[in-house]
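Per-entry structural report
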Amino acid sequence: MQEDRKGPARSLPYRPALNGRYCQSSGYVPGRVMPVRPPPAPRVADPSVQWSSSGTDNQATFMCRGADQQRKPEDSRRKKVKSSYICVAVCVGLLLIVLAIALGTKAKFERDENCPDQNFKLKDWNPGHNTQQRIVIKKGDNFRLVSSASVHSIVIQHGGVLVFADSADGSRNISLKCGYILVKDGGALHIGAEKCRYKSRAKITLCGRSDQGEDVPGFGRKFIGVEAGGTLELHGAPKTSWTLLSRSLPPSGLEAGSYSEKLATRGLNVHVIDQDTGQMLLSDRFDTHDFANESRRLQAFLRSRDAGRIIAIAVKDSAAKNLLQETKTTIQELLGSRHVQNLSYRQAWALVGVIGAGNSSCSESVRDYENHDTGGKAIGRGEFVTVDGVKFAVTASSQWKKGIPLSEFHVEVSGGLILDLLDEVEGWEKDDQIVIASTDYSMNQAEEFTLLACPECKRHQVKVQGKAQFLHVGEIVDGIDMRAEVGVLTRNLVIEGEMEDSCYGNNWCQFFEHDTFGGHLKILKNFTSVHLSNVELVHMGQQVMGSYPVHFHLCGDVDGRGGYISPTYLKSLAIHHCFSRCVTVHATHGLLIEDTIGYDTLGHCFFLEDGFEQRNILHHNLGLLTKPGTLLPTDRNDQMCPSIRNNVYGKYIPVPATDCKAVSTFWVANPNNHLINNAAAGSQDTGIWYLFHKVPTGDSQGLFSETNAELTPLGTFYNNRVHSNFKAGLFIDKGVKITNASADDPREYLCLDNSARFRPHQDADPQKPRVAALIDRLIAFKNNDHGAWVRGGDIVFRNSGFSDNGIGLSFASDGSFPKDEGSSQEISESLFVGESGNYGSQGGQNKYWGVGGVDGKNRTLPRDKTFPIRGFQIYDGPVHVTKTTFQNYMATPVRFASAVGFFLKNPWQLTPKNSLSLVKFGTSVSLKVFFGKPGPWFDGYDLDGDKNAVFHDIDGSMTGYRDTYVGRMDNFLIQHPQCKNVTSWFGSVCSGKYAQVYVQTRRPQNLTLTIVRDEYSRHPMTLRGINQRADFQQYQPVVMLQKGYTIHWNGRAPEETFLYLINFNKDDWIQVGLCYPQDAEFQVIADIYQRQNSTAHSVEDYAAVPSLKEMQNKPKQRLYYFDNSTGLLFLILQARYGREGHSYCSTQGCERVKITAIMRSQSVSNCIPAGYPKYSTLPKATVAMPPKSLGNCEDCGASQLVFTSDPHQIYLLVQIQSLSKGEIQQGHGESYISVNGTKFPFQRGFFTVTVDACSGAVTKKMSFAKADEAMAKYLSTGISQRSIILLGSKDTISGDIDAISEKMVPLGTAKPAQLHKKESIAFFGYKGEFNPSWTRLYSSPAGQSLHLLEKYIPLQLQDYGCTNVTKPPRKELELLQKALQ
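Quick look at the structure, then. (Residues numbered from 1 in each chain as written. Predicted model: local features only at pLDDT ≥ 70, side-chain atom pairs only at ≥ 80, totals over all residues. Heavy atoms only, no water.)

**Comments concerning the packing of helix 10 (residues 1269-1277) against helix 11 (residues 1297-1304)**
Short version of the rule: Between N-to-C directions, angles span 0 to 180 degrees; the directions come from axes that are lines fitted to C-alpha atoms, helices contributing only their stretch in contact. Helix and strand assignments come from DSSP, with helices taken as H or I runs of at least 4 residues and strands as E runs of at least 2, each series counted from the N terminus. Reported orientations rely on four angle classes, namely roughly parallel under 35 degrees, roughly antiparallel over 145, roughly perpendicular from 65 to 115, and oblique for the rest. Note on contacts: a residue pair qualifies if any of its non-hydrogen atoms lie within 4.5 Å across the two residues. Classification used: nonpolar for Ala, Val, Leu, Ile, Met, Phe, Trp, Tyr, Cys and Pro, charged for Asp, Glu, Lys and Arg, polar for all others including Gly.
Helix 11 packs onto helix 10 with a crossing angle of 5° between their chain directions and a minimal axis gap of 9 Å. By the criterion of interaxial angle, the relationship of helix 10 to helix 11 is roughly parallel. Across from M1271, A1272, L1275 and S1276 in helix 10, the residues of helix 11 making contact are A1299, I1300 and K1303. Grouping the constituent residues of the contact of helix 10 with helix 11 by class yields five nonpolar, one polar and one charged.

Right under this line is the structure:
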């Protein structure tokens, strides 16, 4: 099989097209992946078969004739031969043989033209098992691999073809083991095709160690590689890649939890279990060996149990000596025991039975005691089902073992767990592996399961083996979609790396115990065709640069722009348990990655590498359990970061917080890519990270022009979800270091860098208008630090939901003035939830467990038990929050919680242009806003940004006072006598007009500034300035306009001071006096500064005047007054030009005043003692405080009630508030049923509301004083088909409750519930031919109550059988099609 260069050219079954870069045949179609062959010829009577084609797309001709030709009848030739029975038999036999051959030949060639393995030119190939054999498949070698093989390596080139054989019934099982496969120069590797999915099982195992063998240039070791001209087509059997749970999976699978106990006391150990829930209600021990009274107590105990209760009994040691006859009889009568009457000394006995059910429900066994042993366990085991349909087993056991009595008791799920899923899943089969994502703060709560056969499952259900360790939410909770992702990891087409048992050699074994040298798949530019679908990649990737599970390396455009008629794609890949990323897109554009799972991998998972990659589409992908790796600084964690110092300068030790710790599930280095419907469900650091390279980096550096990623408009971002990430769900900020380590900057190349800011402009041109980046439909929950952190502008969030994050959303500006020209960030039509009904689970590396503020229940907590959680966090601004709802922000004794808060320990400036409008707060919000206070997390609460925190309440929806500003209660620069203090906020609500003064100083640049407002001279503000590496210092106080201020220093005044007018509108003014030594001389000029080119124009000198009054009388003239008695230099700062939009400065540039002082004195320039009370004035309001609004804001808050990952689906918000008699006596509020916010209160008894499941309209309301025949009849016949039924109770439950319980079974319960002695009930049911996953019966036992129950019920489901329903458009599909164009 070595290449034969002298051999004649042969026709090939696949066109060796090379993407337009090499010689091509006239019939070449770029990117075509199917075998080029003619359609089947029509059937003919003659058994000979012939196909031919002369089309331009198919110049090959395939012919085949039967081996045996029809023989002409011999009767006419042999008329004279006598007939005999023998001849007749021979002729008939020959005729049958010929017919069989002809028919067999005909059937043989009736094949699917789309299936590559059915091509006539292929030859069956079985290379056997020789790991030293190096295979070269060359021109004319068209092989069909028909059996498993092991070789050293395979090179497919010069038109050679390798195809894996398949079978119609999927019975083949082919494994190919080799060191590498290289496809190039017209070579092709096919396993299945896009229109002929591979049905059997195929596995390619890449073998080899990192310390053995030699590298192949450009690829390394242990790989599948595609070079120029190569074709790789891998298409496994179709599977639904991933979906969501539609019903929560509790820990252990039982809502009440599993139970296990090793019994420790002698006698009869008895447990009582609720038959409807599996909850262990009561346990007791009765020493009937020593005490007859214990036997009587046991008898009374059993007789007091309600009928239907499950009882489990196990003997520990011995129980027979004083077990009275009447007690035995009671056990026999109530539980149906057959062995209790004959129980003997030290006999092991275990029983599980049901009170009142007789021996039909009794499971028991005994073991005789002999020689200190019973020879095994006596086991009683019963299987039951909860009212929700979960099967569970109760097991009791008793034994003696080597002289030691042992007894145990267990309640656990039986026969596997049935999962309810959002979608009907195609192709999921028995023994497939699936993963369910964490829905808590720790990504490590993701769990794997094996699918079981499930003939009883409905269309949207599967069954798994084992039991869950953690809670996996399958509900929409408090309006936020928290349903766990469920992905299938198994495919019938597998590429795997062969692994060693443990780490070895130079594979970073100080960080990894396991082998990390897996296989990898690498594609280089100018390939002919690459398409992968439904492929499983496991143990792939290496902690070696460039060796990833799937890697498109410098491929350029791989869609229509690159000449590919069939654009390149990866679809429905399962990449799991891999060792270096998931999919790497490197200087490659237009790649479609769809329905792909990346699970349990090291380093950035979906990785857009060099900042040059654009137009790539990531649609409906799932990434979870993204762990740190070693390759790049941004991959590394706290341990790796300071330890890996190969590429730093000198003795520099990397700092994890600033250089590293950025590993992300989606790492997007250029904003011009499209993210639609993706899920980032757990990363060590971040779910989705957009960062911005100043120039292309890595292998792209120097090959391409600057990308201007910071200025590039954002591609489509729609309907993505991020949760269970430690640092942030979504992060838009920062860049990477683009220079090598040096003495000037010893940090490693490509470490995290804080130099980049996202400033999208049209055509990436800063001279053209800004283009707002739209984040549409982000769902962020259970992220430990931030739901989202976003820096830059303009950026707009819409239709987004945030829940249970340490901080929901933080906006940070482009940067401080004067670098930031002024931009904005906005969020609208969104929902923030502080603490939801997703209480989480302990364990799985969740660090904090404590009491929540909303209901006092224990729950997992972000960051720390004392961390002050905030919904929306203001850092600097300007930001705008509008049409947004806040819920469930309640403080605890150890933790503050507020809907709106501020960046902690903030040295930065804030702008009064921050604003809120049309915001709405739920009743469970204790602090709408909190400015902070000295103490933990806030420290001294005295940095410049802390002191200047402020925002504008545009319409009064925050404070009740329209057009007011809210600042710190101790900030007297912005107050007046009419302000309203809100002590709990540590805030003050004031009317007025506000702006900022940017003060920039030189020589010296390390002074502390004190600013005093003339009206509040006893309340100065001291500013430290922003710490930075610059030859100047900057301060930026927020000031009330039309007021006077003085500025003082803690040393001699600066020689040079600039005063910039920030956010001043035309004619806005303040008076400012700057303190100088009395002998100072000045030059004061005004100009307009252009930041783009750092030039100034319109320069004017200020003139001195002899009095302050003269200066005040001519405010528009350039005048100053120096009072040498106090040392104060007075100026009027007044804007002469208007602003536009969010720009800090005017349309002409930044108006500023420059003061240059010559000072001989070295005295401290603090003029407060001399200046006041001389310049003190009485405080007054420039704008009167408005009256407080008394009415409710009807338009406030988000228009949507629910934020889900299936926005095309309509959901109905329903609530049931049932009340028990005890709650009524305690004065609790009303009982009601609510449908989409419309309340229907009800009185004592039962109340039902029915809703049409297709339209969502309430169709009927009924009340019943008690459970009676009328209620039973109504539940049975009074409810229309396709109806949602909501049922609540108030006061004591009475009447024929058993009959009602029976009627609930057709409406959704799995069996009649035991509702006697229940305090209250609430039922969500459905009348129809379908049993949806959302149906549920809730009940509270004696002494307990039901809280407000809430569900989001889907309307118009296909399974309801709705007709004449107009479905809303699928916006995500429209956006996908647009991106693909």
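**So, the packing of aromatic side chains**
Just so we agree on the cut-off: Between 30 and 60 degrees the pair is tilted, below 30 it is stacked and above 60 it is edge-to-face, where a pair is any two Phe, Tyr or Trp rings, Trp via its six-membered ring, whose centres lie within 6.5 Å. Relative accessibility thresholds used throughout: buried, under 20% of the residue-type maximum; exposed, over 50%; partly exposed, between the two (1.4 Å probe, protein chains only).
Counted according to the given criterion, the structure contains 51 aromatic pairs. When the centroid spacing of 5.1 Å and the interplanar angle of 10° are considered together, the rings of F832 and F886 count as stacked. On the criterion of sequence distance, the pair formed by F832 in strand 57 (residues 825-833) and F886 in strand 61 (residues 879-887) is long-range, its members being 54 residues apart. For the residue pair F832 and F886, the accessibility class agrees, reading buried in each case.

**Remarks on the state of the cysteines**
Just so we agree on the cut-off: Our working definition of a disulfide is a cysteine sulfur pair at a distance within 2.5 Å.
One pass over the full model with this rule turns up 10 disulfides. The side chain of C503 participates in a disulfide bridge whose partner is C509; the two sulfur atoms lie 2.1 Å from each other. Handedness of the C503-C509 disulfide follows from its S-S torsion of about -85°: it is left-handed. Given a relative accessible area of 32%, C509 falls into the partly exposed group. Note that C979 is cross-linked by a disulfide to C990, the S-S spacing being 2.0 Å. Judged by the sign of its S-S torsion, about 125°, the bond between C979 and C990 is right-handed.

**Re the sheet that holds strand 21 (residues 378-385)**
Where we set the bar: A pair of strands is considered paired only if DSSP assigns at least 2 bridges between the two.
Reading across the sheet, the four strands line up as 15-23-22-21 and stay open at both edges, with antiparallel pairing between neighbours. The sheet is open, and its two edges are formed by strand 15 (259-262) and strand 21, each paired on a single side. Averaged over all pairs of adjacent strands, the angle between their axes in this sheet comes to 5°, without regard to strand direction. In this sheet, strand 23 (residues 404-413) lies alongside strand 22 (residues 391-401) in antiparallel orientation, the contact comprising 10 bridges. The partner of S397 across the bridge, within strand 23, is E408.

**Observations regarding the sheet that holds strand 89 (residues 1336-1340)**
With antiparallel pairing, the five strands of this open sheet are ordered in space as 86-85-87-88-89. Both outer strands of the open sheet, strand 86 (1258-1264) and strand 89, are each paired with one neighbouring strand and no more. With strand direction ignored, the average angle separating the axes of adjacent strands in the sheet is 10°. Here eight bridges tie strand 85 (residues 1245-1252) to strand 87 (residues 1283-1290), and the two strands are oriented antiparallel to one another. Following the sheet pairing, V1249 is matched in strand 87 by L1286. Against the sheet, helix 10 engages strand 85, strand 86, strand 87 and strand 88 (1320-1327), with an angle of about 160° to strand 86.

**Topic: the pairing of strand 57**
Among the nine residues in strand 57, eight count as buried, and that is most of the element. Where strand 54 (residues 795-798) lies against strand 57, four bridges are found, and the strand directions are parallel. Bridged to I795 within strand 57 is Q825. In this structure, strand 55 (residues 801-803) lies alongside strand 57, joined through three bridges in parallel fashion. Bridge assignment links S803 to a residue of strand 57, and that residue is V833.

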